[in-house]
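Coordinates in review
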Amino acid sequence: MQTSDLHGKVAVITGASSGIGRAVAQALHGLGMRLVLNARRPALLEELGRELQAAVVPGDVTDPAIPGRLLDTALQSFGRCDVVLNNAGVITSGTVEDIDIEAVCAMVRVNVEATFRVAYTFVRHFQSQGRGHLVNTSSVLGTKVRPFAGAYCGTKSAIEALSEALRLELAGTAVAVTCVEPGLALTDLHRDLPEHPAKGMGINHPLRPEDVARCVVFALTQPEHVRIPRIMVLPGEHQI
Ligand SMILES: NC(=O)c1ccc[n+]([C@@H]2O[C@H](COP(=O)([O-])OP(=O)(O)OC[C@H]3O[C@@H](n4cnc5c(N)ncnc54)[C@H](OP(=O)(O)O)[C@@H]3O)[C@@H](O)[C@H]2O)c1
């Protein structure tokens, strides 16, 4: 498949209001895809929707109605659904003494529960139509752990496990599964911290959201017999 083959196809993106989701939306729009976008911040989402002539479904992705609503919107607005970028995510980290356990559980609901709901909802649809591509945003921390971030790493490991099992289940069909594993990126993810963690890690040039978007486009534009199960992308200075 070439980038021109994406023209006219339809992608649903969760976590589209900023960062990686927003950059992927812009990249796929540039390749002629029609988009359905979800996130909670309505002003950001609606502005992007206007810019990209996309359908928007504002709302909390942990609402069990949202995955079905996203799929229905794609089918009603554009008549088809080919790709889902299952990307909405949050991070909570901290020491044993200081970590906010309720925030950890809220993170599990977004990063695991909602991600799994979206994955199964769309894979069922892809199976029934005989084709489609599920792209899950994991993290380099889905494959490695660091102190203070164990719970976040656990949520991303869960995404890795589901992705790999789905890939095995769907082998031999035209439904593809890819896990994208970014290292530290400059997005809104760490907006609640006093400073971006790149500083403490000596990373002067974190990934830009567009760097991750290029990886997603790469995974989506492979020949039909090729699968990209995992794609890790790191800043060159990232010692992990
Ligand atoms: N930045 C990094 O260093 C990094 C590295 C590896 C992996 N990742 C992963 O990349 C993904 C995207 O994050 P990002 O770095 O691009 O950060 P970001 O700019 O904060 O984007 C996160 C997106 O998820 C949305 N979101 C969060 N909670 C939501 C909820 N409950 N319901 C609906 N939407 C929700 C946010 O929108 P609203 O706030 O408007 O809802 C936003 O659009 C996440 O899964 C993250 O774990 C990031």
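Everything here concerns the structure above.
First things first, this report covers the structure right here in the doc. Everything numeric here is computed off the predicted structure, so don't read it as measured data.

Here's the deal with the overall build of the chain
- Looking only at helices and strands, the chain has seven helices and seven strands in total.
- Beginning at the N terminus, the succession of helices and strands in the chain can be written as β-α-β-α-β-α-β-α-β-α-β-α-α-β.
- A compact globule built from 240 residues should have a C-alpha radius of gyration of about 18 Å, and the chain, at 17 Å, falls within 12% of that.
- Counted over contacts in the chain with a minimum sequence separation of 6, partners at least 24 positions apart contribute 65%.
- Accessible surface computed for the chain: about 11200 Å², of which carbon and sulfur atoms make up 53%.
- Computed over 22 positive and 24 negative side-chain charges, the separation of the two mean positions in the chain equals 5 Å.

With respect to the packing of helix H4 (residues 101-129) against helix H5 (residues 150-169)
- Contact geometry for H4 and H5: axes closest at 9 Å, N-to-C directions at 15°. With respect to H5, the axis of H4 lies roughly parallel. The handedness of the crossing between H4 and H5 comes out as right-handed. Where H4 approaches H5, its residues Val104, Met107, Val108, Asn111, Val112, Thr115, Phe116, Ala119, Tyr120 and Val123 are matched on the opposing element by Ala151, Tyr152, Thr155, Lys156, Ala158, Ile159, Leu162 and Leu166.
- A per-class count over the contact of H4 with H5 returns 14 nonpolar, three polar and one charged.

Focus: unusual backbone geometry
- Phi is positive for glutamine 53, close to 50°, though the residue is something other than glycine.
- By secondary structure assignment, the location of glutamine 53 is in the loop between helix H2 (42-52) and strand E3 (55-58).
- At phenylalanine 148, a residue that is not glycine, the phi angle is positive and equals roughly 75°.
- Its location among the elements puts phenylalanine 148 in the loop between strand E5 (132-137) and H5.

Details of H5
- For H5, which comprises 20 residues, the first-to-last C-alpha distance of 28 Å matches the rise-based estimate of 28 Å (1.5 Å per residue) to within 8%.
- Looking at the buried side of H5, the elements it contacts are H4, E5, strand E6 (175-182) and strand E7 (230-233).

Observations concerning a nonpolar patch on the surface
- Nonpolar side chains collect at one region of the surface, where Met232, Leu234 and Ile240 lie side by side and expose about 220 Å² of accessible area between them.
- Tracing the backbone through its elements, the reader meets leucine 234 in the segment after E7.
- Since its relative accessible area comes to 34%, leucine 234 is described here as partly exposed.

Remarks on the layout of surface pockets
- The volume enclosed by the second largest pocket comes to roughly 390 Å³.
- Lining the second largest pocket we find 21 residues, and of these Met1, Gly132, His133, Ala174 and Glu224 sit closest to its centre.
- Looking at the lining of the second largest pocket, the element that brings in the most residues is E6, giving three residues.
- The class makeup of the residues in the lining of the second largest pocket is 11 nonpolar, four polar and six charged.

Thoughts on the environment of leucine 85
- Looking at where leucine 85 falls in the secondary structure, it is placed in strand E4 (residues 83-86).
- Sequence separation between leucine 85 and histidine 133 is 48 residues; the distance between their C-alpha atoms is 8.6 Å.
- Beyond its immediate stretch of four places on either side in the chain, leucine 85 contacts Val12, Ile13, Thr14, Gly21, Val24, Val135, Thr137 and Val216.

Focus on the sheet that holds E7
- Taken together, the seven strands give an open sheet; going across it, the order is E3-E2-E1-E4-E5-E6-E7, and neighbouring strands pair in parallel fashion. In the strand order of this sheet, the two ends are held by E3 and E7, each with one partner. The mean angle between the axes of side-by-side strands here comes to 15°, regardless of whether they run parallel or antiparallel.
- As paired strands, strand E2 (residues 34-39) and E3 are joined by four bridges and run parallel to one another. Bridge pairing links asparagine 38 to valine 57 in E3.

Let's talk about the site of the ligand
- Among the 32 residues in the neighbourhood of the ligand, the closest are listed as Ser18, Ile20, Arg40, Tyr152 and Thr187.
- Arginine 191 places a side-chain nitrogen or oxygen 3.3 Å from an oxygen atom of the ligand.
- Classifying every residue of the shell around the ligand gives 12 nonpolar, 14 polar and six charged.

Reading the values: rules and limits
- What you see as residue numbers is a count from 1 along each chain, following the sequence as written.
- Local features in this predicted model are restricted to residues whose pLDDT is 70 or higher, and side-chain atom pairs enter the listing and the counts only when it is 80 or higher, whereas totals over whole chains, interfaces and linings include all residues.
- Values reported for side chains reflect all heavy atoms of the structure, with hydrogen atoms and water molecules removed beforehand.
- What counts as a helix is a DSSP run of H or I of at least four residues, what counts as a strand is a run of E of at least two, and both are numbered from the N terminus.
- We compute the radius of gyration over the C-alpha atoms and compare it with the globule rule, which gives 2.2 Å times the number of residues raised to the power 0.38.
- Any two residues whose heavy atoms approach within 4.5 Å are treated as being in contact.
- Calculation of accessible area relied on Shrake-Rupley with a 1.4 Å probe; when residues are assessed, cover is drawn exclusively from the protein chains displayed.
- Charged-residue counts in this description rest on Lys and Arg as positive and Asp and Glu as negative, His and the chain ends being excluded.
- A charged residue contributes its charge at one atom only: NZ of Lys, CZ of Arg, CG of Asp or CD of Glu.
- Angles shown run from 0 to 180 degrees and are taken between the N-to-C directions of axes, each axis being a line fitted to C-alpha atoms and, for helices, limited to the stretch in contact.
- Angles are sorted into four bins: roughly parallel if under 35 degrees, roughly antiparallel if over 145, roughly perpendicular if 65 to 115, and oblique for all others.
- Should the near helix be turned anticlockwise from the far one by less than a right angle, the crossing is left-handed, and should it be turned clockwise, the crossing is right-handed.
- Throughout, the ten residues Ala, Val, Leu, Ile, Met, Phe, Trp, Tyr, Cys and Pro are labelled nonpolar, Asp, Glu, Lys and Arg are labelled charged, and all others, Gly among them, are labelled polar.
- To estimate how far a helix should extend, the number of its residues minus one is multiplied by 1.5 Å.
- Patches here are clusters of residues that have more than 30% relative accessible area and form no salt bridge, with a 9 Å joining cutoff for like charges and a 5 Å cutoff for nonpolar side chains (Val, Leu, Ile, Met, Phe, Trp, Tyr).
- Definition used for salt bridges: Asp or Glu carboxyl oxygen within 4 Å of a side-chain nitrogen of Lys or Arg.
- Classification of residues uses two cut-offs on accessible area relative to the type maximum, computed with a 1.4 Å probe and protein chains only: under 20% is buried, over 50% is exposed, and between them is partly exposed.
- Cavity means a closed set of points on a 1 Å grid over the protein atoms alone, one where a 1.4 Å probe fits but cannot get out, pocket means an open set with protein on both sides within 12 Å along at least 5 of 7 lines, and lining means a residue has an atom within 4 Å of a point.
- Grid points are joined across faces, edges and corners, and a volume is the space filled by probe spheres set on the points.
- Note: two strands are recorded as paired if DSSP finds a minimum of 2 bridges between them.
- We call a residue near a molecule or strand whenever a single non-hydrogen atom of that residue lies within 4 Å of it.
- What qualifies as a polar contact is a pair of N or O atoms within 3.5 Å, subject to a donor-acceptor requirement within protein and to the restriction that residues adjacent in sequence count only when both atoms come from side chains.

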